[in-house]
Amino acid sequence: MADPNQTKRVPTRGPMLETPRRNAILKKLNARPTVRGSAIALAVLMLFVLIAPYFAPQNPYDLMALNIMDGRLAPGAESMEGGRYWLGTDSQGRDMLSAILYGLRISLLVGLSAVLLSTLIGSFLGLLAAFKGGWIDTAIMRLVDFILGFPTILVALVLLAVMGRGVDKVVIALVVVQWAHYARIMRGRALQERRKEYIEAAQNLGFPAWRIMLFHLMPNCLSPVMVFATIQIATAIVLEATLSFLGVGVPVTEPSLGLLIASGFEYLLSGDYWISMFPGIALLLLILSINIIGDRMRASLDPR
Amino acid sequence: MALFILRRLLQSLFVLLAVSVVVFFAVYAVGDPIELLVSPEVGQAERQALIARLGLDLPIWQQYGHFLWNALHGDLGNSFVHGMPAVELIVQRIPATFELVVVAITLTCIIGIPLGLVAGLYRDAPLGRGIMATSVLGFSLPNFWQGMVFILLFAVWLGWLPASGRGPTVDVLGVPFSIFTAEGWRHVAMPAVNLAIANIALVLRLTATGVVEARSQDYVKFARAKGVKPGRIVRRHILRNILIPVVTVIGMEFGSLIAYSTITETVFSWPGMGKLLIDSVYQLDRPVVVAYVMLVTLIFVVINLIVDILYAVLDPRVQLLEPAH
Amino acid sequence: MSQDKTLLDVRGLRTAFHTEAGAWPAVDGVDFTVRRGEIVGLVGESGSGKSVTGFSLIGLIDPPGEVVAGEVIFDGIDLCTQTEEQLRKLRGDRIAMIFQDPLMTLNPVLKVGEQMREAIFTHYPKTTRKQADARCVEALEMVGIPSAATRLDNYPHEFSGGMRQRVAIAIAMLNQPELIIADEPTTALDVTIQGQILYQMQKLCRAHDTALIWITHDLGVVAELADRVAVMYAGRIVETGTVDEVLSAPRHPYTRGLLDSMPSTAEPGQRLHQIDGMAPTLAGREIGCAFRPRCPNAIARCAEVPPENTVEGKRSYRCYVPLVQELV
């Protein structure tokens, strides 16, 4: 009589290792990039950018260090003191390389803080909406729909027109626009997770609602938000650059890359391209890196 | 169907009202409204007269009432800088922006959709992968800087195209358009491409993922089992299914493009609504800013309505679901 | 030229699915034949490989799956060596297929009429629209759909589940195929509808001398419908024979187990019989006979070498200790 509970392990057949089209088919089953790898890459990138200004040859904010006679020099030109301006200078005599390094840091800081705040606020509200339901849900989601119905740039522009310039104001404007995305994503995921058994179990065990929401529900809803947030860092950076370019973003005293590019615009037609081009390339590289990492992160979480 | 349209119309009206409230209170109630609305160069006596006439000494609700009443009559105040009604000022500039946006959308469709189709059908081949990789570049480039690169390349270094401005116009149905002149095309080329690139990348990726998803559907397998030719499967089965989300995205992007034209118009000095907005913000010409927001909201609301209706028309499943509420 | 009545001859068919670790054969050396006008039931539980077999016959296995070995000889042509274009010409014309889920197999955004007509136009492009429509209406009436002419302009979601499956059957019959492969077409449907569809299919196949491979997990359906039956387990065919022979005197213990588990063979009030254990996963099949862990009669040899096919007259089975008694 066969014993289905037999403990002796019977050998099973191994897989086939050679078939006519195995190689071709395997190529399509790409090894997926890992989320951890992407997250580490992102962290390294950011650290690098944040530290970079310490290596800058000149502090572009220090007005005493600037020499207006060195203004608008082409890349590679020599300075009055004998050093080299590897990327040229702007109209004020600022070393482009240094300005770019400092500008990168500001761009990244603005992007990161905007995303961080938006994620916190948006996720919390989305979670609340999903968990409480009822009129809270309706109210929050109506607001979300309203905000998302308008193009980000326009809302930010008008907000800054009213508030004036400043790094903090830019962050506020970005947060006001972006939180709605996170709220929607979080709510969608939370609604799905809320029906699962572990939530029911927690409720039966008598945990207070806020505890369930924050410690049980939230951790399981984080992954779509994280992916979105990564890509949004790049979007926030571009947005800040654009707003600064248009003259409503950061003030002249703390130039971000967008402002640098704007300052070089008028000299473009006369051929002094470096004031606008190099900051732009730096910006592009930053954004491209973040987007590529974000794309890989998204691909690794995609079940397909 | 009629019920659907009616409900959407009501929603749209509500949105317009909400925006009017937000805008009004943002501009007229935040900070010192007198300082905001009365031009700073005006003398003391005139200031008082203006204040009285503008009703700035009235309770805020009455002010809003006046604002709304005027708005419904198409009066959103006069521009400080130009002295003429803000609405008129903006409306004058609409054809230029509209032109730019239409050309950009056309480019999006004729480049984005076919490329996306190819990228989706050849997803595992180098061609597909190459197209998708390039598309990341498309939406990573900061729009304004991209425009400047174009200017540097095509206007300063190669000298093929003009660096700024709109070309000569021709009146069609009483509205001036520049795309009907050859010289006009030289001017519109760079700005339109600049505006379109991020959009093309977006539509491309959307189409590609749509194709990949459609291909794995059962009805495609069933069509193959019927012996239907691959070309027809792509054309009739796959394309029809992905066209629905793609069309709606393009429709929604129309509004977005109007917004992003502010950047392109600034870089290329294109005399459209967007440039007017930036100039007005710079010059603190607040009535124009207010008027712009109201008008653009109106445009968006109308576009969303049209897109919703289009969606219901294109997808035969949607109509049946509506009455089942 | 085949004057004898064998229409389809499948030999040693092996279809595997690739993973990083290697390829696992879902279909592991399958042989069976189908004669003209014959109805064959291919029976097996989920995971036995029966649906994969059906798709493998006409080359509809997509990566990560691959047909690794075997011959599928259809009227003298080996389908496994045909190009995609050559296969395309046969599909829908000489060999048709009906899928399991009628909701997803019809494209929701195209009208039913168009989806029917394209089956005709792709093989007979010279057909006029009127002729095609007439054939479609005829086919729909044949499967029992009322007001067929107006129905052509409807969308799939305007049909009920049973009707959609009838439409799928109608499409299959449009070009008068010599063979139809039906992959669990009634599994997703109501039992009463199932009966109607079975009846319809049998009638049509008899009338047009169409061979039919009916893939199912339900032995009861096979009993009603088929001439011959092939029982599949873990990627192999473990027993074949005429329906009468196999159901009254099964040779393979698995077949016996299936028969005993059928609710209709149980006495009222009696506990339903179950086969002990569970069917193995793709990667968990034993080296010898895959049924061994669940078999009441297993001997030592069963764990070492998979049984060869024993032929007994018109039937066959793979077992070292076949059952020999007749069922009452």
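For the structure itself, look to the data block above.
Note that the coordinates shown come from a computational prediction; the quantities given were computed from them, not determined experimentally. (Residues numbered from 1 in each chain as written. Chains lettered and ligands numbered in written order. Predicted model: local features only at pLDDT ≥ 70, side-chain atom pairs only at ≥ 80, totals over all residues.)

Student: How do you make sense of the overall build of chain A when you look at a structure like this?
Tutor: A count of helices and strands for chain A gives 10 helices and two strands. Buried positions account for 41% of the 304 residues belonging to chain A. Across chain A, every contact between residues at least 6 apart in sequence was considered, and the portion connecting residues at least 24 apart equals 70%. (Helix = DSSP H or I, 4+ residues; strand = E, 2+ residues; numbered from the N terminus. Buried ≥ 20, exposed ≤ 12 C-beta atoms within 10 Å, placed from the backbone. Contact = placed C-beta atoms within 7 Å.)

Student: When you look at the interface of chain B and chain A in this model, what are you seeing that I'm missing?
Tutor: In many analyses, interface size is given as the accessible surface area lost on bringing the parts together. With 33 residues of chain B at the interface, the matching set in chain A holds 34 residues. Among the residues making up the side of chain B that touches chain A, the classes are represented as 26 nonpolar, six polar and one charged. (Nonpolar A, V, L, I, M, F, W, Y, C, P; charged D, E, K, R; others polar.)

Student: Could you clarify how one ought to interpret helix 8 (residues 209-245) of chain A in this entry?
Tutor: Note on helix geometry: an α-helix contains 3.6 residues per turn, so any two residues three or four positions apart are oriented the same way. Residues and elements named next belong to chain A. Over its 37 residues, helix 8 extends only 46 Å from the first C-alpha to the last, a length that falls short of the 54 Å expected when each residue adds 1.5 Å. Most pronounced at Met-218, the bend in helix 8 amounts to some 55°, and the proline Pro-219 follows within four residues. Looking one or two residues past helix 8, Gly-247 carries a phi angle of roughly 95°, positive in sign. (Expected span 1.5 Å × (residues − 1). Bend = angle between axes of the 7 residues up to and from the residue.)

Student: Where do I start with the nonpolar core in this structure?
Tutor: It is characteristic of soluble globular proteins that their nonpolar side chains tend to be buried jointly. Counting residues in each nonpolar core, the largest one holds 237 residues, and the members touching the most others are Ile-100, Leu-157 and Leu-174 of chain A together with Trp-214 of chain C. The residue makeup of this core includes at least three contributed by each of domain 1 (6-94 + 180-317) and domain 2 (103-174) of chain C. Excluding its chain neighbours within four sequence positions, the residues that come into contact with Leu-174 of chain A are Ala-114, Ala-156, Ala-236, Leu-239 and Glu-240 of chain A. (Core = buried A, V, L, I, M, F, W, Y, C linked by C-beta atoms within 7 Å. Domains from an automatic or database assignment.)

Student: Before we go on, may I ask you to explain the interface of chain B and chain C in this structure?
Tutor: Of the residues lining the interface, 20 residues belong to chain B; the matching set on chain C comes to 24 residues. Elements supplying a minimum of two residues to the side of chain B that touches chain C: helix 9 (218-225), helix 10 (230-268) and helix 13 (316-321) of chain B. By residue number, the principal contributor to the side of chain B that touches chain C is helix 9 of chain B, which donates six residues. Its residues assigned to classes, the side of chain B that touches chain C shows six nonpolar, four polar and 10 charged.

Student: I would appreciate a short explanation of the sheet that holds strand 5 (residues 77-78) of chain C in the present structure.
Tutor: Pairing between the strands of a sheet is mediated by backbone hydrogen bonds and can be parallel or antiparallel. Residues and elements named next belong to chain C. Strands sit in the order 2-1-4-5 across an open sheet of four strands; the sheet is antiparallel. Each having just a single partner strand, strand 2 (23-35) and strand 5 make up the two edges of the open sheet. By the bridge criterion, 10 bridges tie strand 1 (residues 6-18) to strand 2 in an arrangement that is antiparallel. Along strand 2, the bridge assignment pairs Thr-6 with Arg-35. Running over the sheet, helix 1 (residues 50-57) touches strand 1, strand 2 and strand 4 (65-74) and is turned about 70° from strand 2. (Pairing = 2+ DSSP bridges. Axes fitted to C-alpha atoms, helices over the stretch in contact; angles between N-to-C directions.)

Student: What's the story with unusual backbone geometry in this structure? I'm lost.
Tutor: Positioned with a positive phi, Ser-269 of chain B is a non-glycine residue whose angle comes to about 50°. Tracing the sequence through the fold places Ser-269 of chain B in the loop between helix 10 and helix 11 (273-282). Residue Ser-269 of chain B is classed as exposed on the basis of its 12 C-beta neighbours within 10 Å. Unusually for a residue other than glycine, Ser-147 of chain C sits at a positive phi of about 45°. By the secondary structure assignment, Ser-147 of chain C is in the loop between helix 5 (129-142) and helix 6 (148-151). When the 11 C-beta atoms within 10 Å are taken as the criterion, Ser-147 of chain C is described as exposed.

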